[in-house]
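The residues making up each chain are set out below.
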Amino acid sequence: MAATPRVAIIGGGIGGLTLALALRERGLTADVYEQAPRLAEIGAAVALSANATRELERIGLGAGLAAASTTPTELIHRRWRDGRKVAAHPVGTGSWYRNRFHAPFHGIHRARLQAILAAALGPGTVHLGCRLIELGERSDGMVLRFADGRAEHADLVVGADGIRSTVRRWVAGGAHEIYSGTSGFRGIVPVDRLPDLPDPGAIQFWMGPGAHLLHYAIGSSGELVNFLAVVEGPSAWTGSDGWTAEVAGDVPQRAFEGWHPAVTSMIAAVTHTVRWGLFAVAPLRRWHRGRAVLLGDAAHAMLPHQGQGANTTVEDAVALAALIARESTATGLPGALAAYQTLRRARTRRIQRSSWTTNALLHLPDGPAADERDRALARLPQDLAWIHGYDVHAALHGRPAHTATAGPVVPAPRSPRAVVAAPAVEGCCRG
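Residues numbered from 1 in each chain as written. Predicted model: local features only at pLDDT ≥ 70, side-chain atom pairs only at ≥ 80, totals over all residues. Heavy atoms only, no water.

**Q** I'd love a proper account of the overall build of the protein, names of residues and values included.
**A** What the protein contains, in helices and strands, is 15 helices and 19 strands. Taking 22 Å as the expected radius of gyration for a compact globule of 431 residues, we find that the protein reaches 21 Å, a close match to that expectation. Referenced to the eigenvectors of the C-alpha coordinate spread, the extents of the protein come out at roughly 65 × 50 × 40 Å. For the protein, buried positions account for 59% of its 431 residues. Of the contacts made within the protein by residues no fewer than 6 positions apart, 77% connect residues no fewer than 24 positions apart. In the structure as shown, the protein presents an accessible area of about 16,000 Å², 52% of it carried by carbon and sulfur atoms. Taken as two groups, the 44 positive and 36 negative side-chain charges of the protein have centres that lie 5 Å from each other. (Helix = DSSP H or I, 4+ residues; strand = E, 2+ residues; numbered from the N terminus. Rg over C-alpha atoms; globule rule 2.2 N^0.38 Å. Buried < 20%, exposed > 50% of the residue type's maximum accessible area, 1.4 Å probe, protein only. Contact = heavy atoms within 4.5 Å. Areas by Shrake-Rupley, 256 points an atom, 1.4 Å probe, with all protein chains shown as cover. Lys, Arg positive; Asp, Glu negative; His and termini not counted. Charge placed at Lys NZ, Arg CZ, Asp CG, Glu CD.)

Quick look at the structure:
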């Protein structure tokens, strides 16, 4: 292998582009191969929490992200029928979130985030229309074959190609996607079309029997509201494209019949023709094989209920880039991949488990269990500091990885009753 490894990144989404930028910060180059003819992230919006924004600020993207994003005023949880506020915590108000976690919280359109990352990379790095169909390993590296007949060689292949990853099939074999038994309806609505919505600048969960709705403002001035409405079912997923299934337009409205007008008017403001299946990836025993390694959704796709799909992907990218740069020789690269798996697998599994359990808690019917959940929501900043206060650089150097202040850091929850919902939503099926 060359002294400077040739890195091929499969997937031009948030993870692939962030990895290319993080490698460049360390003097390494990479080629990004994206199967789509143009960069166009699936989904509506993404919530970037401190564990990701601190890393994006470190590579010089802080000002661009802030200009294109909205910081929510608060995190509010409400009951489904009467809109009663059961818990509220400051986010942007008084810079509370930044002061506690030492980095901002942003709501941003996924496509805008992708455009910021691509612009920072500049031309020549991202190759469009390159759908990987085959991987092979030789003594001098990896061989990549694409659907258009193109063949490339690399010393390392990084699968940042999503929940149905081609690279993962080579690394781990078989199908690892798990349907959660829930699906979502999503949309973006101008805030001036939602006169019944209280606190439009806040990120809010509306919780009720068998469903919930999450929304937050996006855009440079918070003029739009992005939402994800999640319901139970269908019991089995038969979507023709793997992600979506056609529905009659009144299906989401019937699912939220009797809910607060703020919820029903938001859902009615969008024409719904499809529902999105919510999937996760079963925990993998290994994230790497030979000179191929997985990143982001390809390794640990999760449900969106802790809002950590994109954020943990950014963590992955920064960690992998640092370890490649630290051990970028023919003998050192396998050790770098092993260290990456050790560093990232346990943390992402904990967040996956928390996200899965949170869905059931958000869908509790009125009664004692819902009351207990609501009481737990008062402890939310403390209970979730282990997620938002995480610092990849500290973890890489063996230091305590949590940077949160003004309260104790609570370990990952061990029982369903200890898990509550964090600032969330990825806006689509991928978490």
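Still to come is the rest of the account.
**Q** Quick one: what's the story with the pairing of strand S5 (residues 85-90), residue by residue and with numbers?
**A** Both strand S4 (residues 74-79) and S5 contribute to a ladder of five bridges, which runs antiparallel. From the neighbouring strand, Leu 75 faces S5, where its bridge partner is His 89. Hairpin connection from S4 to S5: five residues lie between these consecutive antiparallel strands, with Gly 83 at a positive phi of about 70 degrees. (Pairing = 2+ DSSP bridges.)

**Q** Please provide a residue-by-residue account of the confidence of the model for the protein, values included.
**A** Residues with a pLDDT of 70 or more make up 90% of the protein, whose mean pLDDT is 90. Overall, residues 406-431 carries pLDDT values under 50, and its contacts beyond four positions in sequence, including any with other chains, amount to 113 contacts. (pLDDT = per-residue confidence, 0-100.)

**Q** Please provide a residue-by-residue account of unusual backbone geometry, values included.
**A** Leaving glycine aside, a negative phi is the common case for residues, and trans is the common case for peptide bonds. Of note, the amide linkage connecting Gly 233 to Pro 234 takes the cis form, showing an omega dihedral of 0 degrees. Looking at the element boundaries, Pro 234 is found in the loop between strand S15 (224-232) and strand S16 (244-246). Here His 102, not a glycine, exhibits a phi torsion of approximately 65 degrees, which is positive. Its location among the elements puts His 102 in the loop between helix H4 (96-101) and strand S6 (106-109). The residue Asp 199 is not glycine, and still its phi comes out positive at about 50 degrees.

**Q** I'd love a proper account of the packing of helix H1 (residues 14-25) against helix H10 (residues 309-326), names of residues and values included.
**A** Following both chains from N to C, one finds H1 and H10 inclined at 30 degrees, their axes separated by 8 Å at the closest point. As the angle between them shows, H1 and H10 are arranged roughly parallel. In the crossing of H1 with H10, the sense of the turn from one axis to the other is right-handed. From H1, Ile 14, Gly 15, Thr 18, Leu 19, Ala 22 and Leu 23 reach across to H10, where they touch Ala 310, Thr 313, Val 314, Ala 317, Val 318, Leu 320, Ala 321 and Ile 324. The class makeup of the residues in the contact of H1 with H10 is 11 nonpolar, three polar and no charged. (Axes fitted to C-alpha atoms, helices over the stretch in contact; angles between N-to-C directions. Parallel < 35°, antiparallel > 145°, perpendicular 65-115°, else oblique. Left-handed = near helix turned anticlockwise from the far one by under 90°. Nonpolar A, V, L, I, M, F, W, Y, C, P; charged D, E, K, R; others polar.)

**Q** An account of the packing of aromatic side chains is requested, with residue identities and associated values reported.
**A** Across all of its chains, the model carries 11 aromatic pairs by this definition. Aromatic side chains Tyr 33 and Phe 146 sit 5.0 Å apart centroid to centroid with 35 degrees between the ring planes, which places their arrangement in the tilted category. Here Phe 146 lies in strand S9 (residues 141-146) and Tyr 33 lies in strand S2 (residues 30-33), a separation of 113 residues in the sequence. Taken individually, Tyr 33 and Phe 146 each receive the classification buried, so the pair is uniform in this respect. Seen in terms of ring centroids, Tyr 97 and Phe 105 are 5.4 Å apart; in terms of plane orientation they differ by 80 degrees. Their pairing is edge-to-face. (Phe/Tyr/Trp six-rings, centres within 6.5 Å; stacked < 30°, edge-to-face > 60°.)

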